[in-house]
Amino acid sequence: MELLSIAAILLGFLALLLGAGVWIGVALMATGWAGMQFAGGAIPAGSVLATTVWGNSASWSLAALPLFIWMGEILFRTRLSEEMFRGFAPWLNWLPGRLMHVNVLACGVFGSVSGSSAATCATVAKIALPELKKRGYDENLSLGSLAGAGTLGILIPPSITMVVYAVQANVSIIQVFLAGFLPGLLVMMLYSGYIAIWSLANPTRTPPADPPMSLRRRIAESLNLIPCLLLIVFVFLSLLMGWATATECAAWGVLGSLAIAWWQGALSWESFWASVMGATRVNCMILLILAGASYMGTSMAYTGIPLALANWVNGLQLSPYALIAALTVMYIVLGTALDGISMIVLTTAIVIPMVKQAGFDLVWFGIFLVLVVEMAEVSPPVGFNLFVLQTMSGKDSNTVAKAALPFFFLLVLAVAIITVFPAIVMLLPRIAFPG
Amino acid sequence: APALVVPAAAQTKWNLPAAYPADNPHSVNLIAFAKDVGDATGGKLQITVHAAASLFKAPEIKRAVATGQAQAGEVLISLHENEDPMFGIDVIPFLSTSYPAAKKLWLASKPAIEKKLASQGLMLLFAVPWGPQGIYAKKDLATVEDMKGLKWRAYNVGTSRIAELVGAQPVTIQAAELPQALATGVVNAFMTSGSTGYDSKAWETMTHFYDTQAWIPKNVTFVNKAAFDALDKPTQDAILKAAAVAEERGWKLAEEKAKWYLEQLQANKMKVLPPPPALKTGLEKIGEQLTADWLKKAGPDGEAVIAAYKK
Amino acid sequence: MIRVFLDRIYLFSGYLAGLFLIAIFVLMLLLSGGRPLGVNIPAGDDFISWCMAATAFLGLAHTFKHGEMIRVGLLIDRLNDNVRHYVEIAALLVGVGFIGFFAWHAAIMTWQSLKFSDISQGVIAVPLWIPQLGYSGGLVILFIAFVDELVHVLRGFAPRYELPKPTSAEEIVERAMQSGV
Ligand code: NA
Ligand code: NA
């Protein structure tokens, strides 16, 4: 049978299983098994499953994943977000949009210590939503900017999504981390720019500034930022000074988070163990999906489908821009219904040979993927940041989704910008690893 | 990348997992081998080379072929030295320090390695060497005493024993994280070939390369014996013939390229040096110690191989 | 009796997975912090890799029982209770089948590692069946949990792997965080 029709059958099979509520990891495994039936050559499908999954999960670089998850679990239980709000707020009164920018800044900073988008969104929203509402800021803009800025948790390193991608695509984790910084700043600027323009256009919907504070007070308030900044500096110093490799800095991040929790009196044996078990469960959930994906990837390698598809796409003679545009549309569609990790693992086996053949750098493509995953986080009906904000604000899902829409389009704009100016992504990794 | 052909009825399709990137000389040689086999059998046997660990990761390849998950495979044979000392004979430091010596050692050890592989249902096809291993460092090394305190990458039995014997600090670093570890000074000395140093741009962090030719590791390509036996005689002969050609081609290429890589290191402003006499003597003494270590593990079989090699 | 026994197995293997997560943390700190002090953990990278496999697989049954093993709820959430019941049985059958298949082959692999004395490839030689025990053991426990659920749902009860709809704000936020992204 022709490989492309086999690919279509397998895709239909996978969609059927997922639609019927089969657990994602199991559905991937089943699809991998079905693929093996087309591979020919009497390959023992079961032994391949056992070997592949063992080889992929007993992995040094993957060990950073549960640690970054754990770090997020610990930080969520601290008062970090409150301190960040108080630290940033006194400095933003001169900007059009005033305190609304706290959402972006606080998410950016919290994103530098957390590896998760939903955790960043929830942690910052917990404090910023009520504070901004109390002061009379436009609630829709507040919701939208929190939904959008929350996704900085996975674009600014560390990032669970990046670890998953790097392991799947077999690229260096540290390079993908480095590549995320400037796009993270870019997205922050786009968000803040939008907030400023919106506020200039709607002057009546921005409340008056907080009463001015003395410089001393302001500085005193900003001292609240110190624990978080210390944690960022601590993690990056451990990297730069050669105390830790990219994988090991996750362990230092956990240690720093525990120290902050302890300092704030939020650390007890009970909360410690709760964070361990919470992280363990999230890790297991992701790992079963990764296991299924690695088996499906191997099965695809046996069939030769990814290469055939890559050649087929190559034969279409799309320009690189057209390919990225097509992939963006595909991911936006997938992202309405799937969460980010599943989206990445479902597609990498097929898409990576394609983008490689089109001449894209796999580090660059990692950032592209993170951006489309961010879109998925804020697109209905399944978007975890929307769920978080829906709950915290008590608004219905339509309102929240509509509020997030401008920020969704800003992410699309960010994809366009990094596609036209790939240097934004590649500059830092190139400086650190020339050639 | 290998050509993609939909299998016709009378065709046999083999998979050959390999661990190194598609443009690595070993992978290039494997792809040429696969093509030779395809040509010689008129397309009856199609071997697909899965480079860059895209099918199985390096540690799993041998086992995958032994259990029929793939019909053939290539692996750095010393990876399995814990399993049988014979697999680690080519990484005994300072035992064979040139290509002719390495070839001699290979021929001396080949029957024993063949026997061991056969006991696991594998049939040896051919072996191709890497470059000779030298020491990358950031300072002059006149004697082995100068190696004391170096942060030394220890990734197998031999390299950790060397660290122990010279008083260097063994450091555990995964290969993937080595460039970063070098850049930040986590590691300041390590042993590898000129080619690996060239690929990882060693000159960005290292200043010296001591061409000690400490050992010459090999990749070994093997097939699942049952899969081989299932082929008809002409196809089997075609494989063996292509294997012999691949082995010769591989050794020749490795030897030619080894020199080229050292020239490249030099061109990039690294000091490429022969080990100074005092360092050499010191290292040779360590080599004797490590050969004795190895013989203790390998027993009479090992003694017989070493005796044959030294003859 | 058997109920208590099974639930304890799921929970304790989950706790064991938690301990392996802590082990990864401690080992990494020692590996990284030990370097400037001149302390090396031989084959530390191997041990961390094995802890990773152990934490990932031993915790599966507990994760499943806790309702955190994700699936796409878009379609099934819209089904009426009767149809949903049969779809759940079908999903469970697929799960029992493939997790069983997986567990069986992982167990065979571990057994073969023991039989053929497979050994690790790093600085320290460790028989591979030992670290592989966590892998195959975790999958066997997950298989038991799936069979347990299938029997439960076949007897007409509501599945226990589906968390009830969250009632408080904290719960929803907690759930979103469990998405892992
Ligand atoms: Na982050
Ligand atoms: Na979505």
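What counts, and at which threshold
Residues numbered from 1 in each chain as written. Chains lettered and ligands numbered in written order. Predicted model: local features only at pLDDT ≥ 70, side-chain atom pairs only at ≥ 80, totals over all residues. Heavy atoms only, no water. Helix = DSSP H or I, 4+ residues; strand = E, 2+ residues; numbered from the N terminus. Buried < 20%, exposed > 50% of the residue type's maximum accessible area, 1.4 Å probe, protein only. Contact = heavy atoms within 4.5 Å. Areas by Shrake-Rupley, 256 points an atom, 1.4 Å probe, with all protein chains shown as cover. Lys, Arg positive; Asp, Glu negative; His and termini not counted. Charge placed at Lys NZ, Arg CZ, Asp CG, Glu CD. Rg over C-alpha atoms; globule rule 2.2 N^0.38 Å. Buried area = accessible area lost by both parts, 1.4 Å probe. Salt bridge = Lys/Arg side-chain N within 4 Å of Asp/Glu carboxyl O. Polar contact = N/O pair within 3.5 Å; in protein donor to acceptor, adjacent residues only side chain to side chain. Nonpolar A, V, L, I, M, F, W, Y, C, P; charged D, E, K, R; others polar. Donors = N, O, S within 2.8 Å, 3.2 Å for Na, K, Ca; no water. Pairing = 2+ DSSP bridges. Axes fitted to C-alpha atoms, helices over the stretch in contact; angles between N-to-C directions. Parallel < 35°, antiparallel > 145°, perpendicular 65-115°, else oblique. Left-handed = near helix turned anticlockwise from the far one by under 90°. Core = buried A, V, L, I, M, F, W, Y, C linked by side-chain atoms within 4.5 Å. Phe/Tyr/Trp six-rings, centres within 6.5 Å; stacked < 30°, edge-to-face > 60°. Lys NZ or Arg CZ within 6 Å of the ring centre and 35° of its normal.

Focus: the overall build of chain B
Link 1 in the chain: Summing up its helical and strand segments, chain B has nine helices and 11 strands in all.
Link 2 in the chain: A principal-axis box enclosing the C-alpha atoms of chain B has dimensions of 65 × 45 × 30 Å.
Link 3 in the chain: Going through the 311 residues of chain B one by one, you find that 56% of them count as buried.
Link 4 in the chain: Put simply, 77% of the contacts in chain B that link residues at least 6 apart link residues at least 24 apart.
Link 5 in the chain: For chain B, the exposed surface amounts to about 12,600 Å²; the carbon and sulfur share of it is 58%.
Link 6 in the chain: The distance from the centre of the 34 positive side-chain charges to the centre of the 31 negative ones in chain B is 0 Å.

Focus: the overall build of chain A
Link 1 in the chain: In terms of helices and strands, chain A carries 22 helices and zero strands.
Link 2 in the chain: Here the C-alpha atoms of chain A give a radius of gyration of 22 Å, agreeing with the 22 Å that 2.2 N^0.38 yields for 435 residues.
Link 3 in the chain: The burial tally for chain A puts 64% of its 435 residues in the buried class.
Link 4 in the chain: Long-range contacts, defined here as pairs at least 24 residues apart, represent 79% of the contacts in chain A between residues at least 6 apart.

Brief notes about the interface of chain C and chain B
Link 1 in the chain: Opposite the 20 residues of chain C that make contact, chain B presents 19 residues.
Link 2 in the chain: In this assembly, chain C packs against chain B so that about 1,500 Å² is buried in total across both faces, 46% of it on carbon and sulfur atoms.
Link 3 in the chain: Three residues, Arg35(C), Gln121(C) and Val123(C), lead the burial of chain C against chain B; their summed loss comes to 45% of the area buried on that side.
Link 4 in the chain: Among the salt bridges present, the one from Asp118(C) reaches Arg63(B), with a minimum N-O distance of 2.3 Å.
Link 5 in the chain: On the surface where chain C and chain B come into contact, there are 13 residue pairs in polar contact (both at pLDDT 80 or more).
Link 6 in the chain: Looking at the side of chain C that touches chain B, the elements with two or more residues in it are α2 (44–58) and α4 (81–115) of chain C.
Link 7 in the chain: If one sorts the elements of the side of chain C that touches chain B by residue count, α4(C) sits on top with three residues.

Considering the interface of chain A and chain C
Link 1 in the chain: Taken together, the contact between chain A and chain C spans 80 residues of the former and 66 residues of the latter.
Link 2 in the chain: Counting the surface lost from both chain A and chain C, the interface buries some 6,100 Å², and carbon and sulfur atoms represent 80% of this.
Link 3 in the chain: Here chain A is connected to chain C by two salt bridges.
Link 4 in the chain: Among the salt bridges present, the one from Glu68(C) reaches Arg281(A), with a minimum N-O distance of 2.8 Å.
Link 5 in the chain: Our enumeration of links across chain A and chain C arrives at 11 residue pairs in polar contact (both at pLDDT 80 or more).
Link 6 in the chain: Considering every element that reaches the side of chain A that touches chain C, the biggest residue donor is helix α15 (residues 269–303) of chain A, with 15 residues.
Link 7 in the chain: A per-class count over the side of chain A that touches chain C returns 57 nonpolar, 18 polar and five charged.

Some words on the coordination of the sodium ion (ligand 1)
Residue and element names in this part refer to chain A.
Link 1 in the chain: Distances from the sodium ion (ligand 1) to its protein donors, Gly111 (O), Ser114 (O), Gly153 (O), Ile156 (O) and Pro158 (O), fall at 2.2 to 2.3 Å.
Link 2 in the chain: Counting residues between consecutive donors of the sodium ion (ligand 1) along the chain gives the motif G-x2-S-x38-G-x2-I-x1-P. Residue glycine 153 shares its accessibility class with isoleucine 156, and that shared class is buried.

Here's the deal with the pattern of salt bridges
Link 1 in the chain: Counting across every chain of the model gives 34 salt bridges over all chains.
Link 2 in the chain: Residues Arg217(A) and Glu221(A) are paired through a salt bridge, measuring 3.9 Å at the closest nitrogen-oxygen approach. Placement of the pair is Arg217(A) and Glu221(A) together in helix α12 (residues 215–222), with a separation of four residues, close to one helical turn.
Link 3 in the chain: Accessibility expressed as a relative area gives 44% for Arg217(A), which makes it partly exposed.
Link 4 in the chain: Between Arg430(A) and Asp361(A) there is a salt bridge, and its shortest N-O distance comes to 3.4 Å. Within this pair, whereas Arg430(A) is found in helix α22 (residues 423–432), its partner Asp361(A) is found in the loop between α18 (340–357) and α19 (362–377), the two being separated by 69 residues in sequence.
Link 5 in the chain: On the basis of relative accessible area, Asp361(A) is assigned to the partly exposed category, the value being 30%.
Link 6 in the chain: Bridged by salt links that share partners, the residues Arg3(C), Asp7(C), Lys65(C), Asp148(C), Glu149(C) and Arg160(C) form one connected network.

Some details on the sheet that holds strand β10 (residues 218–224) of chain B
Residues and elements named next belong to chain B.
Link 1 in the chain: In spatial order, the strands read β3-β10-β4; together these three strands make up an open sheet with antiparallel pairing. Each having just a single partner strand, β3 (72–76) and β4 (122–129) make up the two edges of the open sheet. Each neighbouring strand pair of the sheet contributes to a mean axis angle of 25°, computed without reference to strand direction.
Link 2 in the chain: In the sheet, β3 pairs with β10 via five bridges, with the strands oriented antiparallel. In the sheet register, valine 75 faces β10, and the bridge partner there is valine 220.
Link 3 in the chain: Together, β3, β4 and β10 form the strand contacts of helix α1 (residues 25–40), whose direction differs from that of β4 by roughly 130°.

Description of the side chain of Glu73(A)
Link 1 in the chain: Relative to the helices and strands, Glu73(A) resides in helix α4 (residues 64–76).
Link 2 in the chain: When neighbours within four sequence positions are excluded, Glu73(A) is seen to be in contact with Ser275(A), Gly278(A), Ala279(A) and Val282(A).

Side note on the environment of Thr63(C)
Link 1 in the chain: Residue placement: Thr63(C) occurs in helix α3 (residues 60–65).
Link 2 in the chain: Judged by its relative accessible area of 0%, Thr63(C) falls in the buried class.
Link 3 in the chain: A sequence separation of 89 residues divides Thr63(C) from His152(C), and the C-alpha atoms of the two residues are 18 Å apart.
Link 4 in the chain: Apart from the residues within four sequence positions on either side, Thr63(C) is in contact with Arg281(A), Cys284(A), Met285(A), Glu68(C) and Met69(C).

Examining the packing of helix α3 (residues 45–57) of chain A against α15(A)
Residues and elements named next belong to chain A.
Link 1 in the chain: Put simply, α3 and α15 touch, their axes get as near as 9 Å, and they point 125° apart. If you check the angle between α3 and α15, you find them oblique. The chirality of how α3 crosses α15 is right-handed. Counted together, Ala45, Val48, Leu49, Thr52, Val53, Asn56 and Ser57 of α3 and Leu287, Ala291, Ser294, Tyr295, Thr298 and Tyr302 of α15 form the full contact between these two elements.

Observations regarding the nonpolar core
Link 1 in the chain: Ranked by size, the top nonpolar core spans 263 residues in total, and within it Leu65(A), Leu67(A), Trp70(A), Ile286(A), Phe365(A) and Tyr135(C) carry the most contacts.
Link 2 in the chain: At 17 residues, α15(A) tops the list of elements feeding residues into this core.
Link 3 in the chain: Among all residues touching Tyr135(C), those that are not within four sequence positions of it are Leu49(A), Ala50(A), Val53(A), Trp54(A), Phe57(C), Phe102(C), Ala106(C) and Met109(C).
Link 4 in the chain: Of all hydrophobic cores here, the second largest spans 23 residues; its members include Trp14(B), Val49(B), Ala242(B) and Ala243(B).

Quick look at the packing of aromatic side chains
Note on aromatic pairs: each is described by the distance of the centres and the angle between the planes.
Link 1 in the chain: The tally for this structure, following the rule as stated, stands at 38 aromatic pairs over all chains.
Link 2 in the chain: Consider the rings of Trp23(A) and Phe146(C), whose centres lie 5.1 Å apart with planes at 85°: the pair is edge-to-face. Here the residue Trp23(A) occupies a position in the loop between α1 (3–19) and α2 (24–37), and Phe146(C) occupies one in helix α5 (residues 129–154), the pair thus bridging two chains. A single burial state applies to Trp23(A) and to Phe146(C), both of which are buried.
Link 3 in the chain: The rings of Tyr165(A), Tyr331(A), Phe360(A), Trp364(A), Phe365(A) and Phe368(A) are connected pair by pair, giving a single aromatic cluster.
Link 4 in the chain: The ring of Trp91(A) has Arg218(A) lying over it, and the distance from NZ or CZ to the ring centre is 5.1 Å.
Link 5 in the chain: One Lys or Arg, Arg71(C), reaches over the ring of Trp23(A) and ends 4.9 Å from the middle of that ring.

A short note on the packing of helix α11 (residues 173–201) of chain A against α19(A)
Any two packed helices are characterised by the angle at which their axes cross and by the distance between the axes.
Residues and elements named next belong to chain A.
Link 1 in the chain: Contact geometry of α11 with α19 gives a least axis separation of 9 Å together with a crossing angle of 50°. By the criterion of interaxial angle, the relationship of α11 to α19 is oblique. You can see that α11 and α19 cross each other, and the crossing is right-handed. Contacts between α11 and α19 involve Gln175, Val176, Ala179, Gly180, Pro183 and Val187 from the first element and Val363, Ile367 and Leu371 from the second.
Link 2 in the chain: Residues belonging to the contact of α11 with α19 are distributed by class as follows: seven nonpolar, two polar and no charged.

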